[in-house]
Amino acid sequence: MKKDVDSNRAFFFPELDRLTDWVWPLVLLLGLVLLLELLDEKFSYVLVADSAHYILLARSIAEGYGYSDIHIPGNPPHTLYPPILPLLLSPFFYLFGYNFLWMKLLITGFAIASVYVIKHLFKEYGNRSIGTMLALLVITNYLWLSLTREILSEMPYMFFSLSTIYLLRRYENTGRLDLSRMMLLVVLLVLTYFTKAIGINLYMAVVVYLFVRADEYGLSRREVVFLAIAGIVPFILWNIRGLFAGGEMSYLSIFFQSDFYDEEKGGLGLLAFLERLSGNIFMYLRCIGVIFMVSHFKSIFVSPLSTVMVSLSIVLAVTVIAGLCYEIYHSRDLKAMYTMFYLLMLIAWQVYGSGDAIRYLMPVLPFIYYYSTVGIYIMARLVPSTATAGFNRVSMLLCCLFLVMNLAHIRIMLNPGTMGRQLHATANILSTSLLRNIETLTPELLTGRRLSGSLSCFDEYIRSAWILKEVSSPGEVIMTRKPELIAMITDRYAVRFPYTKRIDRIARFVEDMGVDYILIDRCYEETERYLFPFIRAHEDMFSVLKPYYTVLKIK
């Protein structure tokens, strides 16, 4: 144990530990101010369709339908997203209806709690100063801050996964892992993978880690096997339920599709899997660099400097990989094993675009920062006559450089004039109707702005859905690209059209689901690729609701 602690302390100033006592409250204060800056008159805006799905599942639980897709005719059991986040959201829906403010404050609470765990986790690994620095880097990362405004599972998952690693490390430092502690560990593991399915990688990391270091915890191999079985049984039961419940899809079925957005490509073959791996590796190499250098300045990648920026992104990603490999080889601690399993699982999973890739990386953001500094340190040691003591200072200065980058990204949020106006608006919001029940979703609450500015096609889509609510009747079925979002707005059934160019397949789906309306959007390429050819081939089936040309009624 002493060796691990010393190796972690060697990277940074041990004497800076005493600064933690007064720096840490400033970290929390800064985080609170930045999170309040995200709270504005559009705080009830829900953009990500996954958020709508979580909210509908919470509504299903709150209204006594169980864990079901209540937006689909027949209310089939839901078999994709794990149930913890909908369970946490269901009391808020039961008490306040579609009040996204309370739901988002729950997500914000998990975000703040995660930052607190980061600080204490690295304290257990031997250095309070690096824990405080990593907490500060995370809470000033613009991409991470932006994710806290969405009703998604990343923040609860980050809290449960970091808490599991912290708990096990604390047990390692204080004594034997007895039965009661093992059961608490199992509960945290279950909460982690039932919050986000990728959490199964943490279970695998813990089992492998305990097998390797059972003696240090006073465990026999039999006890490790017991923990492994107890931790995996709920996961197996959940997947058996998904297999026989007849739900819409599961993560397993998606994984073995060559392309979720193109049914014609069929199942996942070896060549398709290798193409996925190579594409994902390059995608994440770029996105890790984006986390360090740019957030909403994506135009850099299409500027004359794009080659330089991509190259620098890959260099930063390589430092993360180097630092991770070094720790896996030398210390084989849990945080290294977890990060390794997590990144390997991301590389094997289907990802579509840098937005999703960056979102998937957010739960391991503190480890990305940490292993980058370790990696640069290890690379510097390869240079002849490099002074280790001198590079200790470089390592801390490197963290400060990352912090400066973060502050540059959020400089608008830190502008005194903007902050004053925003905090005044926040105070008004927290004292008005957004704290109370919102029974009706209006276009004003549901339209807003992305980081890149106004997304007019999405606003048009939302307003068309609002119109469709007025002209349709309860029980009627809408076919569209984002059914969960549209179902939440219209309070009607909504289904997603099949991602296939086979017009007869879509026609059969329309008949089987009893589709009454088709809602067209101008945002998503799948609508143009699959839905438009079907509409052109069956023009006699529809009547256009003029002047709303985005709404078609099936005759």
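Quick note: structure is the one above.
Residues numbered from 1 in each chain as written. Predicted model: local features only at pLDDT ≥ 70, side-chain atom pairs only at ≥ 80, totals over all residues. Heavy atoms only, no water.

In this section: helix H3 (residues 49-62). Its 14 residues give H3 an end-to-end C-alpha distance of 20 Å, which sits within 8% of 20 Å, the value for a rise of 1.5 Å per residue. Along H3, eleven of the 14 residues are buried, which leaves the element largely enclosed by surrounding structure. Those residues of H3 that fall on the buried side of the exposure criterion are Ala 49, Ser 51, Ala 52, His 53, Tyr 54, Ile 55, Leu 56, Leu 57, Ala 58, Arg 59 and Ser 60. (Helix = DSSP H or I, 4+ residues; strand = E, 2+ residues; numbered from the N terminus. Expected span 1.5 Å × (residues − 1). Buried < 20%, exposed > 50% of the residue type's maximum accessible area, 1.4 Å probe, protein only.)

This brings us to the nonpolar core. Core analysis: the largest hydrophobic core is formed by 160 residues, its most contacted members being Trp 144, Leu 210, Met 479 and Ile 518. No other element matches helix H5 (residues 100-124), which puts eleven residues into this core. Contacts of Met 479, omitting those with residues within four sequence positions, involve Val 495, Arg 496, Phe 497, Ile 506, Phe 509, Val 510, Val 515, Tyr 517, Ile 518, Leu 519, Leu 531 and Phe 534. (Core = buried A, V, L, I, M, F, W, Y, C linked by side-chain atoms within 4.5 Å. Contact = heavy atoms within 4.5 Å.)

Further remarks concern the side chain of Ser 472. Its location among the elements puts Ser 472 in the loop between helix H21 (456-471) and strand E3 (477-480). Reaching out from Ser 472, the side chain makes a polar contact with the side chain of Arg 492 at a distance of 3.0 Å. Setting aside residues no more than four positions away along its own chain, Ser 472 makes contact with Arg 492 and Tyr 517. (Polar contact = N/O pair within 3.5 Å; in protein donor to acceptor, adjacent residues only side chain to side chain.)

Right, let's get into unusual backbone geometry. In this structure, Asn 75 takes a positive phi of about 45° despite not being glycine. On the secondary structure map, Asn 75 appears in the loop between H3 and helix H4 (84-96). Asn 75 gets classed as partly exposed once you look at its relative accessible area, which sits at 24%. Not every positive phi belongs to a glycine, and Asp 491 is a case in point at roughly 60°. Residue position: Asp 491 is located in the loop between helix H22 (483-490) and strand E4 (493-496). By relative accessible area, Asp 491 is classed as partly exposed at 41%.

Mapped onto the elements, Arg 276 comes out in helix H13 (residues 270-293). With no salt bridge to any partner, buried Arg 276 finds its closest opposite charge in Asp 259, at an N-O distance of 7.8 Å. Of note is the side chain of Arg 276, whose polar atom sits 3.1 Å from the backbone oxygen of Phe 255. If we skip the residues at most four places from it in the chain, Arg 276 touches Phe 255, Gln 257, Ser 258, Leu 268, Ile 347, Ala 348, Trp 349 and Gln 350. (Lys, Arg positive; Asp, Glu negative; His and termini not counted. Salt bridge = Lys/Arg side-chain N within 4 Å of Asp/Glu carboxyl O.)

Okay, the packing of aromatic side chains next. What the rule picks out here adds up to 29 aromatic pairs. Summarising the aromatic geometry, the rings of Tyr 499 and Tyr 530 are spaced 5.9 Å apart at their centres and angled 35° between planes, so their arrangement reads as tilted. Here the residue Tyr 499 occupies a position in the loop between E4 and helix H23 (503-513), and Tyr 530 occupies one in helix H24 (residues 525-537), the gap between them amounting to 31 residues. Comparing Tyr 499 with Tyr 530 shows no difference in burial state: the two are buried. Following the ring pairs from residue to residue traces out a cluster consisting of Phe 122, Tyr 125, Tyr 157, Tyr 338, Tyr 342, Phe 367, Tyr 370 and Tyr 371. In this arrangement the basic side chain of Arg 276 is found over the ring face of Phe 255, its NZ or CZ atom lying 5.2 Å from the centre. A cation over a ring is seen here: Arg 481 above Tyr 524, with NZ or CZ 5.0 Å from the ring centre. (Phe/Tyr/Trp six-rings, centres within 6.5 Å; stacked < 30°, edge-to-face > 60°. Lys NZ or Arg CZ within 6 Å of the ring centre and 35° of its normal.)

What follows covers the sheet that holds strand E5 (residues 517-519). Across the sheet, five strands lie side by side as E4-E3-E5-E7-E6; this open sheet has mixed pairing. The strands lining the two open edges of the sheet, one partner per strand, are E4 and strand E6 (542-544). Neighbouring strand axes in the sheet, compared pairwise and without regard to direction, differ in orientation by 30° on average. Both E5 and strand E7 (residues 551-554) contribute to a ladder of three bridges, which runs antiparallel. The residue bridging Ile 518 from the neighbouring strand is Leu 552, located in E7. Where H22 meets the sheet, it contacts E3, E4 and E5, and its direction lies at approximately 170° from that of E4. H24 rests against E3, E5, E6 and E7 of the sheet, and its axis sits at about 135° to E5. (Pairing = 2+ DSSP bridges. Axes fitted to C-alpha atoms, helices over the stretch in contact; angles between N-to-C directions.)

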